[in-house]
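Summary of the model geometry
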Amino acid sequence: MRTSAVVLAGGAASRFGGDKLAADLRGRPVLHHALLAVDGVVDGPVVVALGRHDPVPAWPIGLRSGPVVARDPAAHRGPLAGLATGLTELGPADDGDLVLVVAGDMPSLQPAVLNELVGVLADDGSLDSAWLEAIPFAPLPMALRPARIGAVVADLLARDRRSLRSLLDALSGRALPAIQWRALDPDGATLVDIDTREDLARREG
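This write-up is about the structure you can find in this document. These figures come from a predicted structure and were not determined experimentally. (Residues numbered from 1 in each chain as written. Predicted model: local features only at pLDDT ≥ 70, side-chain atom pairs only at ≥ 80, totals over all residues. Heavy atoms only, no water.)

Thoughts on the overall build of the chain
To keep things clear, this is the line we draw: In DSSP terms, a helix is any run of H or I states spanning at least four residues, a strand is any run of E spanning at least two, and both are numbered starting from the N terminus. For the radius of gyration, the atom set is restricted to C-alpha positions; the globular benchmark scales as 2.2 Å times the number of residues to the power 0.38. Residue burial is assigned from relative accessible area. The probe radius is 1.4 Å, only protein chains are included, and a residue is buried under 20% of its type maximum, exposed over 50%, and partly exposed in between. We get accessible surface area from the Shrake-Rupley algorithm with a probe of 1.4 Å; when it comes to residues, only the shown protein chains can shield them. Asp and Glu are treated as the negative residues and Lys and Arg as the positive ones, with His and the ends of the chain left uncounted. Note on charges: their place is set at NZ of Lys, CZ of Arg, CG of Asp or CD of Glu.
Counting its secondary structure elements, the chain contains seven helices and nine strands. Against the compact-globule benchmark of 17 Å for 205 residues, the chain has a radius of gyration of 16 Å, which places it among compact chains. C-alpha extents for the chain along the principal axes are approximately 40 × 40 × 35 Å. Here the chain holds 205 residues, and the buried ones make up 48% of them. Carbon together with sulfur atoms contributes 52% to the accessible area of the chain, which is approximately 9,400 Å² in total. Within the chain, one finds 20 positive and 26 negative side-chain charges whose respective centroids are separated by 4 Å.

Here is the structure:
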């Protein structure tokens, strides 16, 4: 079994008003926090899914190896298209292979929580997806079994269904109970993302 990662980093960041993934947070770019978190969990490649014209970012020191860049073929088609791009870059998968999916603007991902999330699928071969139980619902981070979901992703995109929630609704899966993952992350930091400059300022505090 190989566990890889797809980091979604191709959003327009219109609410932030600039390149939020390059913005400094506690001495390093926002994107670096997410990359370092997933690098400690997976043993396969890490794919960063960028927009069609996005510049390739610098990578943080300390990664096992440099991430692989994948580019969305069309601009602003949403997170599901970014995921499809990342999965295509990873190539064919065996049934036991898993993929951890996070957003590049999630700077407080807790590796212990990500390990538990991947473990949901590793422990139950009947499941194709797993996510964290939360209110309101949060599709990321998620874990997927890529060998089984390609046709579902393609069908959703063909029908212009672009959300990750639509994918989870179409797959067999379950949520990691909040009581379980919150024991590892009491503040729920894993779910935090950066949408605005105010969000960034709060994370600096």
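Observations regarding the packing of aromatic side chains
Given two aromatic rings, their pairing is described by the distance between the two centres and the angle made by the two planes. Selection criterion: Stacked, tilted and edge-to-face pairs are distinguished by plane angle, under 30 degrees for stacked and over 60 for edge-to-face with tilted covering the rest, among Phe, Tyr and Trp rings (Trp via its six-membered ring) whose centres lie within 6.5 Å. Charge-over-ring placement is defined geometrically: NZ (Lys) or CZ (Arg) within 6 Å of the ring centre, and within 35 degrees of the ring normal.
All told, the structure shown has one aromatic pair when counted by the stated rule. Directly above the ring of Phe 137 sits Arg 165, whose terminal nitrogen or CZ lies 4.0 Å from the centroid.

Side note on the packing of helix 2 (residues 79-90) against helix 4 (residues 150-158)
The angle between the axes and the distance between the axes are what describe a pair of packed helices. Test applied: Geometry is summarised by axes, namely lines fitted to C-alpha atoms with helices restricted to the contacting stretch, and by angles between N-to-C directions that run from 0 to 180 degrees. Here is the rule for handedness: rotate from the far helix to the near one, and if that takes an anticlockwise turn smaller than a right angle the crossing is left-handed, while a clockwise turn gives right-handed. Between two residues, a contact is recorded if the distance between any of their heavy atoms is within 4.5 Å. Each residue gets one label: Ala, Val, Leu, Ile, Met, Phe, Trp, Tyr, Cys and Pro are nonpolar, Asp, Glu, Lys and Arg are charged, and the others, such as Gly, are polar.
The geometry of helix 2 relative to helix 4 is characterised by a closest axis approach of 10 Å and an angle of 140° between their N-to-C directions. When you trace helix 2 past helix 4, the crossing you get is left-handed. Within the contact between the two elements, helix 2 uses Leu 80, Ala 81 and Ala 84 and helix 4 uses Val 153, Leu 156 and Leu 157. Class assignment for the residues of the contact of helix 2 with helix 4 results in six nonpolar, no polar and no charged.

Describing unusual backbone geometry
In this chain, Ile 135 is followed by Pro 136 through a cis amide linkage whose omega measures 0°. Along the chain, Pro 136 falls in the loop between strand 7 (129-132) and strand 8 (142-144). The step from Leu 140 to Pro 141 runs through a cis peptide bond, and the omega angle for that step is 0°. With respect to the helices and strands, the residue Pro 141 is situated in the loop between strand 7 and strand 8. At Arg 26, a residue that is not glycine, the phi angle is positive and equals roughly 55°. Here Arg 26 is to be found in the loop between strand 2 (24-25) and strand 3 (28-29). The exposure class of Arg 26 is partly exposed, given its relative accessible area of 42%.

Some words on the pairing of strand 4 (residues 46-50)
To keep it simple, the criterion reads: Only when DSSP finds a minimum of two bridges between them are two strands counted as paired.
Within strand 4, five of the five residues are buried, which leaves it mostly tucked inside the rest of the structure. Burial along strand 4 is two-sided: Val 46, Val 48 and Leu 50 and Val 47 and Ala 49, pointing in opposite directions, are all buried. The pairing of strand 1 (residues 3-8) with strand 4 spans four bridges and is classified as parallel. Within the sheet, the bridge partner assigned to Val 7 lies in strand 4 and is Val 48. Bridge analysis of strand 4 against strand 5 (residues 68-71) gives four bridges, and the strand direction is parallel. Across the sheet, the residue bridging to Ala 49 is Ala 70, located in strand 5.

Remarks on the pattern of salt bridges
Just so we agree on the cut-off: Here, a salt bridge means any Lys or Arg side-chain nitrogen found within 4 Å of an Asp or Glu carboxyl oxygen.
Under the definition given, this model contains nine salt bridges. Between Arg 64 and Asp 39 there is a salt bridge whose closest N-O contact spans 3.2 Å. Of this pair, Arg 64 sits in the loop between strand 4 and strand 5 while Asp 39 is found in helix 1 (residues 30-39), placing the two residues 25 residues apart along the sequence. According to the relative accessible area criterion, Arg 64 is partly exposed, its value standing at 43%. Of the residues examined, Asp 39 reaches a relative accessible area of 10% and is grouped as buried. Note that Arg 148 is salt-bridged to Asp 128, the shortest N-O span being 2.8 Å. Here the residue Arg 148 occupies a position in the loop between strand 8 and helix 4, and Asp 128 occupies one in the loop between helix 3 (111-123) and strand 7, the gap between them amounting to 20 residues. Under the relative-accessibility criterion, Asp 128 is labelled buried at 11%.

So yeah, pure geometry; function would need other evidence.
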